Structures are given as structure tokens and as C-alpha cells.
Amino acid sequence: MATTSDVHVGSFIRFNGELCQVLEYQHRTPGNLRAFFQAKMRNLKSGKLVEYRFRAGEAIQLARVDFRMLQYIYSDGEDIVCMDNETFEQLHIPAALLGEGKNFLKEGMEVKVSFEEDTPLSAEPPTFVELVITYTEPGERGNTATNTLKQAKLETGAVVNVPLFVNQGDKIRVDTRTSSYCERVK
């Protein structure tokens, strides 16, 4: 058993029999009252947010979670198929674990997946990906003074907003956490 001082943001704990990931964790000492830890957690099964106050020194059950880098191969309905680069084993991972990041995956990209025993808990695509624009409306000359955006369809099928000066065939860098354009790549 661990105590409240062993927990940090990103930790996986068992809370009320459910597996949760800690999103925010703050130590508070209000006035002359006892100190406590305020935690905001996401239940990994239901996806609901839970807030709870732990007493200082309270026993908490940490979950053992392993992180592995897997190579994305292809999408298979509600799952994505990834290969472990060490054992060459193919694993089916629910695409819902990636959230909106699944729209930016290309064959061969690395995906960070967390496992508890053999059950996948969460998955993260690369933070930044470089993709080619397959279709966008042509930008008008001289419209670069304003911060106007237009939609562009990427090679993976995802649609992002880009500045007017970006054209079809350009390679751009996209932030998968926010699904937003970062910069044009040469």
C-alpha cells in the first residue's frame, strides 16, 4: 500500500474498486485545519471524472501499469491493430482509447499504450505528426494579414483548420492533442 505522498499526476490508482488515473493533484492546508490532498481522477471504465479529498497520510492502492511503445499497422473496425516491436506480436487496442488522435494515425507511427497485466488502459498517439494536405480550397493572394482559417483534408482523412497561405500538397505539422495546425513543414 502506498500513501498520499506517493501519488502524482498521471498515477493509476484503485479508488472504490475501480481503476482511475489522476489528472490533477494538489496539497492544500486551509488556515489552521488539517492538510489534505485534492485529487481529480478519471475512471478508466466509465470515463467519468471524480473529485475526492484524501487525508494526509491516507493509504492508497497504486495500480501497476506498464507502458509500451507499439507500432500502428491498420484500423480494424472499432479497434486499431498495433505490433510490439520486441516480440512482433499483433495487439488489438480499442480505438476509443486514442480519442480524436486516432484520426491522425498513419501506418508505421509509434503509439504509447499503457497496460495493466494484458488489458490496455490508455493510448496516446504521437504529440505532433507531419501529414500531407490532400484537398483544400486555394488561398487568395494578399489575404495573409488577417488570421482567417480554411479547412483542409489530410492524407489520413482528418479535417483541420489551416491558414489561407497553406495549399494542397503541402506538408504540415498537426498537434494531435488539440487537433490543430502548428506549422508548415519544408
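Remember, predicted model here, so these are calculated numbers, not experimental data.

**Overview of the sheet that holds strand β15 (residues 171-175)**
Strands sit in the order β14-β13-β12-β15-β16 across an open sheet of 5 strands; the sheet is antiparallel. Lying at the two open borders of the sheet, with one neighbouring strand each, are β14 (159-163) and β16 (180-185). When the angles between neighbouring strand axes are averaged without regard to direction, this sheet yields 55°. Bridge count between strand β13 (residues 149-154) and β14: 5 bridges; the pairing is antiparallel. Following the sheet pairing, lysine 153 is matched in β14 by valine 159.

**Comments concerning the pattern of salt bridges**
By the definition in use, this model includes 8 salt bridges. Between arginine 184 and aspartate 170 there is a salt bridge; the shortest N-O distance is 3.5 Å. Residue arginine 184 is located in strand β16, and its partner aspartate 170 is located in the loop between β14 and β15; the two are separated by 14 residues in the primary sequence. Here the salt bridges do not stand alone but share partners, grouping Glu130, Arg173 and Glu183 into one network.

**Brief notes about the environment of valine 132**
The topology assignment puts valine 132 in strand β12 (residues 128-136). The spacing of valine 132 and histidine 8 is 124 residues in sequence and 38 Å in space, taken between C-alpha atoms. Non-local contacts of valine 132, meaning those with residues more than four positions away in its chain, are made with Lys153, Leu154, Glu155, Gly169, Asp170 and Lys171.

**Digging into the packing of aromatic side chains**
On inspection of all chains with the given rule, the structure shows 5 aromatic pairs. A centroid spacing of 6.3 Å and a plane angle of 50° characterise the contact between phenylalanine 12 and phenylalanine 67, whose relative ring orientation is tilted. Residue phenylalanine 12 is located in strand β2 (residues 12-15), and its partner phenylalanine 67 is located in strand β7 (residues 66-76); the two are separated by 55 residues in the primary sequence. Using a relative accessible area of 45% as the deciding quantity, one classes phenylalanine 67 as partly exposed. Where phenylalanine 15 meets phenylalanine 54, the ring centres are 5.9 Å apart and the plane angle is 75°; that geometry is what we call edge-to-face. One end of the pair, phenylalanine 15, is in strand β2; the other, phenylalanine 54, is in strand β5 (residues 49-55), with 39 residues separating them in the sequence.

**Some thoughts on the layout of surface pockets**
For the largest pocket, the calculated volume is near 260 Å³. Together, Phe12, Gln21, Leu23, Arg42, Asn43, Leu44, Phe67, Leu97, Leu121, Ser122, Ala123 and Glu124 line the largest pocket. What lines the second largest pocket is a set of 13 residues, among which Leu98, Glu124, Pro125, Thr176 and Arg177 lie closest to the centre. Partitioning the lining of the second largest pocket into residue classes produces 5 nonpolar, 5 polar and 3 charged.

**Topic: the pairing of β7**
Summarising the sheet, β7 and strand β10 (residues 110-116) pair through 6 bridges and their orientation is antiparallel. Each residue of the ladder has a partner; that of leucine 70, found in β10, is valine 111. Following β7, the chain reverses through 2 residues before pairing antiparallel with strand β8 (residues 79-84); glycine 77 in that reversal takes a positive phi of roughly 70°.

**Concerning the nonpolar core**
General note: in soluble globular proteins, nonpolar side chains tend to be found buried as a group. Grouped together as the largest cluster of nonpolar side chains are 27 residues, with contacts concentrated most on Ile80, Phe104, Leu154 and Ile172. At the level of secondary structure, the elements contributing two or more residues to this core comprise β7, β8, β9 (90-94), β10, β12, β13, β14 and β15. Setting aside residues no more than four positions away along its own chain, phenylalanine 104 makes contact with Met109, Val129, Leu131, Leu154, Thr156, Ala158, Val160, Val174, Thr176 and Ser179.

Definitions and limits used
Residues numbered from 1 in each chain as written. Predicted model: local features only at pLDDT ≥ 70, side-chain atom pairs only at ≥ 80, totals over all residues. Heavy atoms only, no water. Pairing = 2+ DSSP bridges. Helix = DSSP H or I, 4+ residues; strand = E, 2+ residues; numbered from the N terminus. Axes fitted to C-alpha atoms, helices over the stretch in contact; angles between N-to-C directions. Salt bridge = Lys/Arg side-chain N within 4 Å of Asp/Glu carboxyl O. Contact = heavy atoms within 4.5 Å. Phe/Tyr/Trp six-rings, centres within 6.5 Å; stacked < 30°, edge-to-face > 60°. Buried < 20%, exposed > 50% of the residue type's maximum accessible area, 1.4 Å probe, protein only. 1 Å grid on protein atoms, 1.4 Å probe; cavity = no way out; pocket = protein on both sides within 12 Å on 5 of 7 lines; lining within 4 Å. Points joined across faces, edges and corners; volume = space filled by probe spheres on them. Nonpolar A, V, L, I, M, F, W, Y, C, P; charged D, E, K, R; others polar. Core = buried A, V, L, I, M, F, W, Y, C linked by side-chain atoms within 4.5 Å.

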